[in-house]
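# Coordinate analysis (summary)
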Amino acid sequence: MHLACRGLTFRYPGADAPVFRGLDWALDVPGLHALFGFSGCGKSTLARLLARELAPQAGECTAPPGGPVLYAHNAERLPGWQTVAAHLDSVTPAPSRRLLDDLVAAYDLAPVTGHRFGALSMGQKNRVNLVRYLVQPFAVLILDEILANVDEPMRERILGDLKRRFPDRLLLYISHNALEVARYCRRVHVVPHARGGVRRLRSLDALDRPGGGEPAPDAAVQRVVYDVLRAASREAA
Ligand SMILES: Nc1ncnc2c1ncn2[C@@H]1O[C@H](COP(=O)(O)OP(=O)(O)OP(=O)(O)O)[C@@H](O)[C@H]1O
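As the structure is a prediction and not an experimental result, all values here were calculated from the model.

Conventions used here
Residues numbered from 1 in each chain as written. Predicted model: local features only at pLDDT ≥ 70, side-chain atom pairs only at ≥ 80, totals over all residues. Pairing = 2+ DSSP bridges. Helix = DSSP H or I, 4+ residues; strand = E, 2+ residues; numbered from the N terminus. Axes fitted to C-alpha atoms, helices over the stretch in contact; angles between N-to-C directions. Contact = placed C-beta atoms within 7 Å. Core = buried A, V, L, I, M, F, W, Y, C linked by C-beta atoms within 7 Å. Buried ≥ 20, exposed ≤ 12 C-beta atoms within 10 Å, placed from the backbone. pLDDT = per-residue confidence, 0-100.

## Brief notes about the sheet that holds strand 6 (residues 140-144)
Strand order in the open sheet formed by six strands is 5-6-7-3-8-9, with mixed pairing between adjacent strands. Single-partner strands in this sheet number two, and they are strand 5 (69-73) and strand 9 (202-205). Adjacent strand axes in the sheet meet at a mean angle of 20° when their direction is disregarded. Bridging between strand 3 (residues 31-36) and strand 7 (residues 170-174) involves five bridges; their strand directions are parallel. Among the inter-strand pairings, alanine 34 is bridged to a residue of strand 7, identified as tyrosine 173. Taken strand by strand, helix 1 (residues 43-50) contacts strand 3, strand 5, strand 6 and strand 7, and its axis lies near 155° from that of strand 6.

## Describing the nonpolar core
Across soluble globular proteins, nonpolar side chains show a tendency to be buried alongside one another. Within the largest apolar cluster, 65 residues are counted, with the highest numbers of intra-cluster contacts made by Phe36, Val131, Ile142, Leu143, Tyr173 and Val181. In terms of residues, this core owes the most to one element, strand 7, which gives five residues. With sequence-adjacent residues up to four places away left out, leucine 143 is seen in contact with Ala72, Leu171, Leu172, Tyr173 and Ile174.

## So, the confidence of the model for the protein chain
Counting all residues, the mean pLDDT for the protein chain is 91, and 95% of those residues have values of 70 or more. Under the prediction, the complex receives an ipTM of 0.98, its pTM being 0.93.

## A closer look at the sheet that holds strand 2 (residues 20-27)
Reading across from one edge, 2-1-4 is the order of the three strands in this open sheet, with antiparallel pairing throughout. Bordering the open sheet on either side are strand 2 and strand 4 (58-62), each of which pairs with just one other strand. Averaged over all pairs of adjacent strands, the angle between their axes in this sheet comes to 10°, without regard to strand direction. Pairing between strand 1 (residues 3-10) and strand 4: four bridges, direction antiparallel. By the bridge assignment for strand 4, alanine 4 is matched with threonine 62.

## Observations concerning unusual backbone geometry
Positive phi, normally seen in glycine, also occurs at glutamate 145, with a value near 50°. If you trace the backbone, glutamate 145 turns up in the loop between strand 6 and helix 5 (152-165). Phi at asparagine 149 takes a positive value of approximately 70°, unusual for a residue other than glycine. Position of asparagine 149 among the secondary structure elements: in the loop between strand 6 and helix 5.

Okay, structure coming up:
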């Protein structure tokens, strides 16, 4: 399994500098991974390149076999006039019916399935949007700030569930929460801030037990992630 970029160069029309300049990066194990970096470093741009919503000026992205690369983000809006149940029913393929019921229960959406999408809170909308993607066939699902406005216990519940439920598929989670990505993600792929374009990412393995054995305190875990991000950004500046 490989989700990869080779020699990826991308510049927005009219921009002074590229966001990526000859980026080489590969992700070769399934499970829940994270893309982490300061605001504006290029996480969403990379996600859209991987999902082929944007075309690079040079280089390419390759996806693993077994389905499309889907890109879910927190600004997506479903039809406001339809009930949640009607919408989820209409987009769920027959083999995923059971999965849909499980996810609605697990993510605490049962109380709002009879409501119109437009009448939901932001956190409820984002959970419905997430479920809508999880029931589709995919090889890779990119989750860009998909749990924004969802409370902490529910975020933890969902991230734990994603890890357990989809161990053989590739989920790439974009979040600004260092502790969350370090605790839940198999690898954290750190995107440095690089003025002339990002050339490489740093990948950190399972950070929840850096000392081996005992879980490390929250502050220590956060520090590891930010130390790597700052060092990579200094190097790339
Ligand atoms: N449509 C666009 N046109 C021109 N420049 C853009 C466009 N979208 C993003 N950019 C620029 O590209 C860079 C990377 O943006 P991107 O949205 O990928 O960052 P990000 O890491 O996802 O940020 P955040 O964490 O704030 O969501 C930023 O400098 C941004 O200003």
